[in-house]
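Coordinate inspection notes
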Amino acid sequence: MQYEVVIGLEVHVELHTESKLFCSCPNRFVPEPNVNTCPGCLGYPGVMPQMNSEAVKKALTASLALNCEVARLSYFDRKNYFYPDIPRGYQISQFHVPIGSNGSLIIEDDQGTEKKVRIGRVHMEEDAGKLVHSPYGDISMVDYNRSGVPLVEIVTEPDLRSPGEARRYLEQLKSILQYAGVSDCKMEEGSLRCDANISLRPAGSEKLGSKTELKNMNSFKAVEKSLEHEIKRQRAILESGEEVISQTLRWEEDKGETLVMRSKLEAADYRCFTDPELPLIALSEEEIEAARSALPEMAPARAERFVKDYNLPDYDARVLTASRSLADYFESCLKTYDNPKTVSNWIMGDFAAQLNSAGIEADSCAFSPEDLAELLVMIDEGSISGKIAKDVLLKAFASGKPPRQVVEEEGLLQISDQTELEMIIDRVIAENPDSVANYRGGKTKALGHLVGQVMKETKGKANPQLVNELLARALS
Amino acid sequence: MKIDFKKEVDHVARLARLELGQEEKKLMAEQLSGILETARRVQELETEGVEPTSHVISSPALMREDRVEESLPLGRVLQNAPGRDKDYFRVPRIKPGE
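Attention in this report is confined to the structure presented alongside it. Here the residue numbering is sequential within each chain, running from 1 through the sequence in written order. Lettering of chains starts at A and numbering of ligands starts at 1, both following the order in which they are written. Local features in this predicted model are restricted to residues of pLDDT 70 or higher, and side-chain atom pairs are both shown and tallied only at a pLDDT of 80 or more, whereas totals for entire chains, interfaces and linings draw on every residue. With hydrogens and water excluded, all non-hydrogen atoms of the structure serve as input to the side-chain values.

**Let's talk about helix α5 (residues 299-310) of chain A**
All names here are of chain A. Numbering of helices and strands runs from the N terminus; a helix is a DSSP stretch of H or I covering at least four residues, while a strand is a stretch of E covering at least two. One less than the number of residues in a helix, times 1.5 Å, gives the span that helix is expected to have. For α5, which comprises 12 residues, the first-to-last C-alpha distance of 16 Å matches the rise-based estimate of 16 Å (1.5 Å per residue) to within 8%. Partly exposed describes any residue whose relative accessible area lies between the buried limit of under 20% and the exposed limit of over 50%, with all areas from a 1.4 Å probe on protein chains only and scaled to the type maximum. For α5, the set of buried residues is Ala299, Arg302, Ala303 and Phe306. Take α5 and look down its axis: the buried residues cluster within an arc of 105°, on one side only. Residues of α5 that are exposed and point over 90 degrees away from its buried face: Pro300, Glu304 and Lys308. Whether two residues are in contact is decided by their heavy atoms: any pair within 4.5 Å suffices. The inward-facing, buried residues of α5 contact α2 (163-179), α6 (314-321) and α7 (324-336). The arc in question is formed by the directions pointing from the helix axis toward the C-beta atoms.

**Considerations on the environment of Ile35(B)**
Residues and elements named next belong to chain B. Secondary-structure assignment places Ile35 in helix α2 (residues 22-43). According to the relative accessible area criterion, Ile35 is exposed, its value standing at 55%. In the structure, Ile35 is positioned 46 residues away from Ala81 in sequence and 35 Å away in space, judged by C-alpha atoms.

**Quick notes on the packing of aromatic side chains**
Residue and element names in this part refer to chain A. Here is the rule: rings of Phe, Tyr and Trp (six-membered ring for Trp) pair when centre to centre is within 6.5 Å. Planes less than 30 degrees apart are stacked, more than 60 are edge-to-face, and the remainder are tilted. All told, the structure shown has nine aromatic pairs over all chains when counted by the stated rule. Here Tyr310 and Phe330 contribute two aromatic rings whose centre-to-centre distance is 5.5 Å and whose plane-to-plane angle is 75°, an arrangement assigned as edge-to-face. Here Tyr310, found in helix α5, pairs with Phe330, found in helix α7; they are 20 residues apart in sequence, far enough to count as distant. On the basis of relative accessibility, which here comes to 0%, the residue Phe330 falls in the buried class. Ring plane angle 40° and centroid distance 6.3 Å describe the contact between Phe351 and Phe367, whose orientation is recorded as tilted. Residue Phe351 is located in helix α8 (residues 340-358), and its partner Phe367 is located in the loop between α8 and α9 (369-380); the two are separated by 16 residues in the primary sequence. What makes Phe351 buried here is its relative accessible area of 0%.

**A short note on the side chain of Ser24(A)**
For Ser24(A), the location among the structural elements is in the loop between β1 (3-14) and α1 (53-65). Look at Ser24(A) and you get buried, because its relative accessible area is 17%. In contact with Ser24(A), not counting residues within four places along its chain, are Ser19(A), Arg64(B), Arg67(B), Val68(B) and Glu69(B).

**Section: the sheet that holds strand β8 (residues 130-133) of chain A**
Whether two strands pair depends on DSSP finding at least two bridges between them. The strand order across the open sheet built from four strands is β8(A)-β9(A)-β2(B)-β1(B), with neighbouring strands paired in antiparallel fashion. Looking along the sheet, the strands with just one partner apiece sit at the ends: β8 of chain A together with β1 (84-85) of chain B. As paired elements, β8(A) and strand β9 (residues 139-143) of chain A share four bridges and run antiparallel to each other. Within β9(A), the position partnered with Lys130(A) by the bridge is Asp143(A).

**Overview of the packing of α9(A) against helix α10 (residues 386-399) of chain A**
All names here are of chain A. Lines fitted to C-alpha atoms define the axes, with helix axes restricted to the stretch in contact, and inter-axis angles between N-to-C directions lie between 0 and 180 degrees. Closest axis-to-axis distance for the α9/α10 pair is 10 Å, and the angle between their directions is 155°. The orientation of α9 with respect to α10, classified from their angle, is roughly antiparallel. Pair α9 / α10 crosses with right-handed handedness. Where α9 approaches α10, its residues Leu372, Leu375 and Ile379 are matched on the opposing element by Gly386, Ala389, Val392 and Leu393. Per-class residue counts for the contact of α9 with α10 are six nonpolar, one polar and no charged. Here the angle decides the label: under 35 degrees means roughly parallel, over 145 means roughly antiparallel, 65 to 115 means roughly perpendicular, and every other value means oblique. The handedness criterion is simple: a crossing whose near helix is rotated anticlockwise from the far helix by less than a right angle is left-handed, and one whose near helix is rotated clockwise is right-handed. Polar here means any residue other than Ala, Val, Leu, Ile, Met, Phe, Trp, Tyr, Cys and Pro, which are nonpolar, and Asp, Glu, Lys and Arg, which are charged; Gly is therefore polar.

Set out below in structure tokens:
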């Protein structure tokens with residue numbers, strides 16, 4: 001039978017603020033546990049929560065950037081559960097009235113056609129602490145640095161039809177939220193987290209099949225892979241005539257499979273009710289309109305500007321603007337090195353490759369836009385060849401040292417000293433009588449081989465143009 | 001609707017991780033029944049045309065500025081911890097489904 005895949009995503013995004021949602025502890029990712037905590041986010045009774053105005057503003061911006069209707073009046077509820085990551089015994093969350101609802105986002109479907117993904121709700125809530133389970137015995141260790149960090153949860157309608165669509169939705173969402181300055185959306189630091197609901201139904205059927213929920217995916221790729229795996233698993237169950245059990249599954253990246261976390265039959269009972277300690281959040285028309293007009297230039301508009309202002313090909317503009325940090329990097333680099341196409345080539349090529357293999361964003365790497373500009377200047381002034389420059393970029397990226405320092409320390413300066421090169425050329429001519437004879441016999445291609453030998457002797461440091469000239473002269 | 005208060009008390013006690021004795025359960029069931037009876041009587045009121053009140057504080061939020069203030073020193077943070085492991089709180093492990 002043909003099945004249709006139905007996917008909905010729940011994404012938690014940490015809002016980029018200075019302080020936490022209800023207390024003044026820093027909202028910052030640090031490795032030392034429990035240093036950013038106070039009686040408020042440790043859940044001591046009697047501490048009045050103090051709402052962070054910037055968090056509300058960012059949640060409003062997120063709602064508007066995702067085309068949501070904004071609630072003029074919304075409020076917080078208490079979601080009650082007992083687990084050590086929530087020391088108060090309840091999480092403060094917008095359960096009844098979310099700040100944003102009925103939004104949407106445009107992605108490309110698997111055929112490349114534009115498609116609208118509906119966003120059911122965008123609501124504010126506080127993050128929980130982080131548990132580290134000890135491998136020995138029945139002990140957990142808790143770090144409350146994350147407790148009380150402001151989040152928005154963004155929930156789609158079940159509109160996605162393939163793992164590829166899910167990935168593209170996430171990429172698009174990340175781009176929009178980064179551009180809007182709402183969050184840095186770093187999955188590796190946990191500032192963007194995604195759970196997926198997935199079910200299959202016979203093609204053409206309206207009724208939803210029973211779904212499973214997937215957790216613990218640490219990258220967009222992992223979301224895609226876990227969904228592909230789950231489709232296979234559910235299809236096999238349905239084809240054998242059995243029913244899919246509604247449960248929560250944990251994606252195990254190393255094994256490439258899902259494990260049961262809990263069955264939905266024992267579904268949580270959160271007994272949500274309005275938090276009586278927190279006042280209503282009222283947003284005026286003026287505030288909403290001010291936030292709407294303050295929305296920054298998003299990726300498509302920026303790509304258009306890159307084509308127009310920098311004369312870049314459409315492809316370059318789209319790649320560079322896919323992430324805000326990469327686009328910012330590009331424009332910063334142009335401030336000191338005004339050749340957009342060259343900068344674009346280096347960013348899309350060697351620089352992007354380094355970012356990918358390090359798994360980081362352009363704004364968190366040690367190789368600054370000024371470093372890239374310096375590297376390109378060194379090529380132009382003939383200090384290094386383009387080939388050596390690739391090597392320098394690699395080393396500067398890994399060490400955080402300025403490229404000029406790398407070149408000096410590694411002795412990579414290009415040899416443009418004529419006398420030194422002529423000595424090497426004489427040696428190469430003496431050692432390659434065949435090539436020399438071929439060249440003199442009219443096979444001009446043989447020169448390439450000789451140039452190659454000179455480059456090899458100098459470990460790529462010879463100025464290639466100069467070598468060509470000098471060789472041709474020596475052989476004539 | 002007939003409510004089984006004994007079952008209800010068991011359920012809520014389990015959610016709240018409370019261990020109640022037989023006597024306590026009986027007392028809680030009686031009190032819960034009384035509270036729900038009061039709520040039922042409130043529900044009899046004619047509320048046609050009355051705006052629902054979601055909130056006890058009707059004035060909108062006075063919010064604080066997004067400014068960092070000093071957190072608690074680590075010694076104070078962990079002072080009341082049930083257990084400590086390096087700079088972490090140490091707690092009994094809770095397995096899913098419990």
